[in-house]
Amino acid sequence: MYGILGMVALLAGCRLPQISRHFEHNRYLPLYDNVVYNDSVSLFFPSFGDVVYERDARRLRRLLRNVPLAPGDSLVLGGNTAAPPYYSFALMVNEACNGEMPSMDPAFFYRDTCVSGRWFKFIGCADGDNDRISVNKDLTDIWGRMGLDSLTGDRFGSPFTITGTPTNKLYAVLDNLRQFPAYTEQEQWNKTQLVLTYASFLGDHEAYRRELAALEARMEVDSAALHTLETVPKIRGDDALACIVAESRNRKLVMINENHFYPTHRLLVYDLLDSLRAAGFQYLALEALDPRQEETVNRTRKIDLHTGFYTQEQQYARMVRKALELGFTLIGYENTDPAIDREVGQATNLYEKTFAKDPHAKVLVYAGMAHIFELPDSDGRKWMAAHFRERYGIDPLTIDQNGFKSLHSLAEDTYQLVRSDRFDSHQLRSVDYHVINGRSVAATVGQEYLVYKNPRRDSVQVLLFLTDKPANIAVPMEVPYFTTIVPGRSKTRIPKVPGKPVLMVAYDRQGNRVN
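Given the structure is predicted, the values throughout are model-derived calculations rather than measurements.

**Q** I'd love a proper account of the sheet that holds strand E18 (residues 460-465), names of residues and values included.
**A** Across the sheet, 4 strands lie side by side as E19-E18-E21-E22; this open sheet has antiparallel pairing. The two strands at the open ends of the sheet, each matched to only one other strand, are strand E19 (482-486) and strand E22 (513-514). Pairing between strand E21 (residues 503-507) and E22: 2 bridges, direction antiparallel. Its bridge partner lying in E22, Tyr507 is registered against Arg513.

Written as structure tokens, this is what we have:
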């Protein structure tokens, strides 16, 4: 904050500043208005996109060590602009509304108000020779939009505003999502899904494991299905993979699903790709592939942050890169026509892009959750696989990973394969096989690795790119080969990739590059 030390002239004869006990409750959201909100004082503080807040209390105290405040005043937040007009500002609070009224210097902007027994004081000043009229206009606008009465969801809009731009600065997105408020049950569920998704993009780390455990604690598995799992024979490990491949040899179409919160589900397809390619499969159809990117990916044999949403996750990207190396043609079959039922549109697109052009095609489909169900649900709704079989007369081999996702510990770091006809449940019989996937993404680091040590007090996101491009070109577009969160003063394993050009970078939770 370039000029905030000049505020020493604003409030005279006062004691040194204190950081408010409310400061630690500040939550910073990079919305259109660059919002800070604080539940402890019902504060809604919108500023502008070029405003930078000092989030570290110790640094803020040092920065403002010469700024005197009135007795009882303490600092709630402080900030400055990083683009013209340059100015600094601070918001203070006094727990009593009957304190001293400071003498004012006309060079400074000052507003105050009492709300719910607290005295809030907002001060600001231009930095250097910046236009005081423009500065005062900005500060007046901030003061006019600031809320000190109540916090409701309609002030913030949707958390999807945080995730709208493709980026590999995933820790920053995750941190912003965690801070996003949720005041209703639906808002909390939306937030939970996004937090868990972005946590899963960051590999094997404590935050993801914690979020996943909380979700799984709410899941229930039918007791009859559990009893069946305990008693029926299961095919394990490499035998499970061999069984899937053997069944696939006599099929034109294989469909495997995933739950989007489980990157380990992508390891199953990765492990099958070599054998399925050898068995004649030449198309890999991906629900997650943006159809607009299909031609580019097949032509360049490369992916980037615009290829799709889930393809930005490192295990998904690893799977796609392997498929491209093996010579698969990628198909993006998602329905983009809002006038057509999504399931019908997916089935139609899948057929028109594969079997309609190549009647002898062998196609592997990787879809989300229920889309591969071959039977209607209890309400009569038909999913993509059911429409496909009914319309085109091709019976797919369907393999579900979603039904028993929360039981992954039973598989002990491998796969277990179970025939669906062992179960009585209509839904569980909607596919041919169920896989209990006990794999861990940590295992993908491999036996050869480097050790990354984080010397900082705070956590960082470390990213490894397979590229010979400089960081300023590669980082904004590339999907990392590996990324995770490394806590402060700790270390982690990073895969060693012999014979490949590599670039390693790290970001703090605000998305700033660190050494």
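**Q** Break down the state of the cysteines for me, with residues and values.
**A** For the structure on display, the rule yields 1 disulfide. The disulfide that involves Cys97 links it to Cys114, with 2.3 Å between the sulfurs. Between Cys97 and Cys114, the S-S torsion sits near -135 degrees, and that sign places the bridge as left-handed. With a gap of 17 residues between them, Cys97 in the loop between strand E6 (87-94) and strand E7 (109-115) and Cys114 in strand E7 connect regions that are remote in the sequence.

**Q** Can you explain helix H3 (residues 170-179)? Please cite residues and give values.
**A** Most of H3 sits out of view: 9 of its 10 residues are buried. Those residues of H3 not exposed but buried are Leu170, Tyr171, Ala172, Val173, Leu174, Asp175, Asn176, Leu177 and Gln179. The secondary structure elements touched by the buried residues of H3 are strand E1 (26-29), strand E2 (35-38), helix H4 (185-200), E18, E19 and E21.

**Q** Give me the nonpolar core: which residues, what numbers.
**A** By size, the foremost hydrophobic cluster in this structure holds 67 residues, and its most contacted members are Phe156, Ile256, Leu286, Leu330 and Leu364. Contacts of Leu330, omitting those with residues within four sequence positions, involve Leu284, Leu286, Leu289, Glu294, Val297, Asn298, Val320, Ala323 and Leu324. Listed in part, the 32 residues of the second largest apolar core include Val93, Ile142, Trp143 and Leu148.

**Q** Please provide a residue-by-residue account of the pairing of E21, values included.
**A** Counted residue by residue, E21 has 4 buried out of 5 residues, so it is predominantly covered. Here E18 pairs with E21 via 5 bridges, running antiparallel. When the sheet's bridge partners are listed, Gln461 is paired in E21 with Tyr507. Counted between consecutive antiparallel strands, the loop separating E21 from E22 contains 5 residues, among which Gly511 sits at a positive phi close to 85 degrees.

**Q** Account for the packing of helix H11 (residues 342-353) against helix H12 (residues 384-392), with residues named and values stated.
**A** Viewed as axis vectors pointing N to C, H11 and H12 meet at an angle of 55 degrees, and their least axial separation amounts to 8 Å. In terms of orientation, H11 lies oblique with respect to H12. Between H11 and H12 lies a crossing whose hand is right-handed. Taken together, the residues of H12 that come into contact with H11 (itself represented by Glu343, Val344, Gln346, Ala347, Thr348, Leu350 and Tyr351) are Met384, His387, Phe388, Arg391 and Tyr392. When its residues are assigned to classes, the contact of H11 with H12 shows 7 nonpolar, 3 polar and 2 charged.

**Q** So, the pairing of E19: which residues are in play, and what are the values?
**A** Of all the 5 residues making up E19, 5 are buried; the element is thus mostly covered by neighbouring parts of the structure. On E19, burial covers both faces: Phe482, Thr484 and Val486 on one face and Thr483 and Ile485 on the other are all buried. Here E18 pairs with E19 via 5 bridges, running antiparallel. In the sheet register, Leu463 faces E19, and the bridge partner there is Thr483.

Reading guide: rules and limits
- Along each chain, the written sequence defines residue order, and numbers are assigned to residues from 1.
- Residues qualify for local features only when their pLDDT is at least 70, as the model is predicted, and side-chain atom pairs are given and counted only at 80 or more; totals for whole chains, interfaces and linings, by contrast, use all residues.
- Side-chain descriptors were evaluated using all non-hydrogen atoms of the structure, hydrogens and water having been removed beforehand.
- Here the rule is simple: two strands pair whenever DSSP picks up at least two bridges between them.
- Strands here are runs of E lasting at least two residues and helices are runs of H or I lasting at least four, both read from the DSSP assignment and numbered beginning at the N terminus.
- Note on terminology: disulfide denotes any pair of cysteine sulfur atoms within 2.5 Å.
- With a 1.4 Å probe rolled over the protein chains alone, any residue whose accessible area is under 20% of its type maximum counts as buried; one over 50% counts as exposed, and the rest are partly exposed.
- Contacts are assigned to residue pairs with any non-hydrogen atoms lying within 4.5 Å of each other.
- Buried residues of nine kinds, namely Ala, Val, Leu, Ile, Met, Phe, Trp, Tyr and Cys, make up a nonpolar core once their side-chain atoms join them within 4.5 Å.
- Geometry is summarised by axes, namely lines fitted to C-alpha atoms with helices restricted to the contacting stretch, and by angles between N-to-C directions that run from 0 to 180 degrees.
- Note on terminology: angles under 35 degrees are roughly parallel, angles over 145 are roughly antiparallel, angles of 65 to 115 are roughly perpendicular, and the others are oblique.
- For any pair of crossing helices, the crossing counts as left-handed if the nearer helix is rotated counterclockwise from the farther one by less than a right angle, and right-handed if it is rotated clockwise.
- Any residue outside Ala, Val, Leu, Ile, Met, Phe, Trp, Tyr, Cys, Pro, Asp, Glu, Lys and Arg is labelled polar, Gly included; the first ten of those are nonpolar and the last four are charged.

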